[in-house]
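# Structural characterization, general
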Amino acid sequence: MIVRLGSLVLVIWALGFVWFTVALPGPGPDQRTDGIVVVTGGPGRIQRGVALMEAKQARRMLISGVDRRVRPRDLVAEYGVPRRLIACCIDLGDESVDTRSNADETAAWVARHKYRSVRLVTTDWHMARARFELRRVLGDGVAVVPDGVRSEPSFVVLMTEYTKYLLRRVAAPLGY
């Protein structure tokens, strides 16, 4: 009986993993939102957020999880972000260190600006967990539009991220 139950759990986990890898999201729809949130940690994320801002897809952008030593001039130097965009519309969030605290930092930013919709920009393999954490702290009152930055993750990255996602889906309702 225990072997069968273990086998069933393994099969369900494997089928879920296949779904997780096949359903990686791409860029979001051409839809304006109140704000854009870029979660740091992967290539192409900041560039995608800046491109969306330049296309006037939102009023303001938060880059969440920025190292405390990073200054606006570093964005200009590293990513070619226009100074006018930094001056008016980009906030650097340095209060977060992981996906859960990215969501908390974002929720405070969204509340401060009284936004009703936000576009979440992160790498495709990270989207499920990042979106789960963000929706958990924002609730139903704020629409979250996923915008995945395409990548070529390894099997290990996908398996690790899928496992983290499942663990958060179990732990969050228990208060962890």
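The name an unreviewed UniProt entry gives the chain is YdcF family protein, with Sphingomonas arantia as the organism.

A few words now on the overall build of the chain. In terms of helices and strands, the chain carries seven helices and five strands. The secondary structure elements of the chain, listed N-terminal to C-terminal, are α-β-α-β-α-α-β-α-β-α-β-α. The C-alpha radius of gyration computed for the chain amounts to 17 Å, which stays within 12% of the reference 16 Å derived for 176 residues, consistent with globular compactness. Expressed as lengths along the three principal axes of its C-alpha atoms, the size of the chain is roughly 65 × 35 × 30 Å. Considering only contacts within the chain whose residues lie at least 6 apart along the sequence, 79% involve residues at least 24 apart. For the chain, the computed accessible surface area is about 10000 Å², with 59% contributed by carbon and sulfur atoms. Here the chain carries 26 positive and 18 negative side-chain charges, and the mean point of each set is 3 Å from the other.

This part is about the pattern of salt bridges. Across all of its chains, the model carries nine salt bridges by this definition. Across the salt bridge formed by Glu133 and Arg136, the nearest N and O atoms sit 2.9 Å from each other. Taken together, the positions of Glu133 and Arg136, both in helix α6 (residues 127-138) and three residues apart, correspond to about one turn of that helix. Looking at Arg136, the relative accessible area reads 37%, which means it is partly exposed. Each of Arg48, Arg119 and Asp147 takes part in salt bridges that share partners, so that together they form one network.

What describes two packed helices is the angle between their axes and the distance between those same axes. In the contact formed by helix α1 (residues 2-22) and helix α7 (residues 155-171), the axes pass within 10 Å of each other and the chain directions differ by 115°. Judged on the interaxial angle alone, α7 and α1 are roughly perpendicular. Between α1 and α7 the crossing geometry is right-handed. In this structure, α1 contributes Ile12, Trp13, Gly16, Phe17, Phe20 and Thr21 to the contact, and α7 contributes Phe155, Leu158, Met159, Glu161, Tyr162, Thr163 and Leu166.

What counts as what
- Residues numbered from 1 in each chain as written.
- Predicted model: local features only at pLDDT ≥ 70, side-chain atom pairs only at ≥ 80, totals over all residues.
- Heavy atoms only, no water.
- Helix = DSSP H or I, 4+ residues; strand = E, 2+ residues; numbered from the N terminus.
- Rg over C-alpha atoms; globule rule 2.2 N^0.38 Å.
- Contact = heavy atoms within 4.5 Å.
- Areas by Shrake-Rupley, 256 points an atom, 1.4 Å probe, with all protein chains shown as cover.
- Lys, Arg positive; Asp, Glu negative; His and termini not counted.
- Charge placed at Lys NZ, Arg CZ, Asp CG, Glu CD.
- Salt bridge = Lys/Arg side-chain N within 4 Å of Asp/Glu carboxyl O.
- Buried < 20%, exposed > 50% of the residue type's maximum accessible area, 1.4 Å probe, protein only.
- Axes fitted to C-alpha atoms, helices over the stretch in contact; angles between N-to-C directions.
- Parallel < 35°, antiparallel > 145°, perpendicular 65-115°, else oblique.
- Left-handed = near helix turned anticlockwise from the far one by under 90°.

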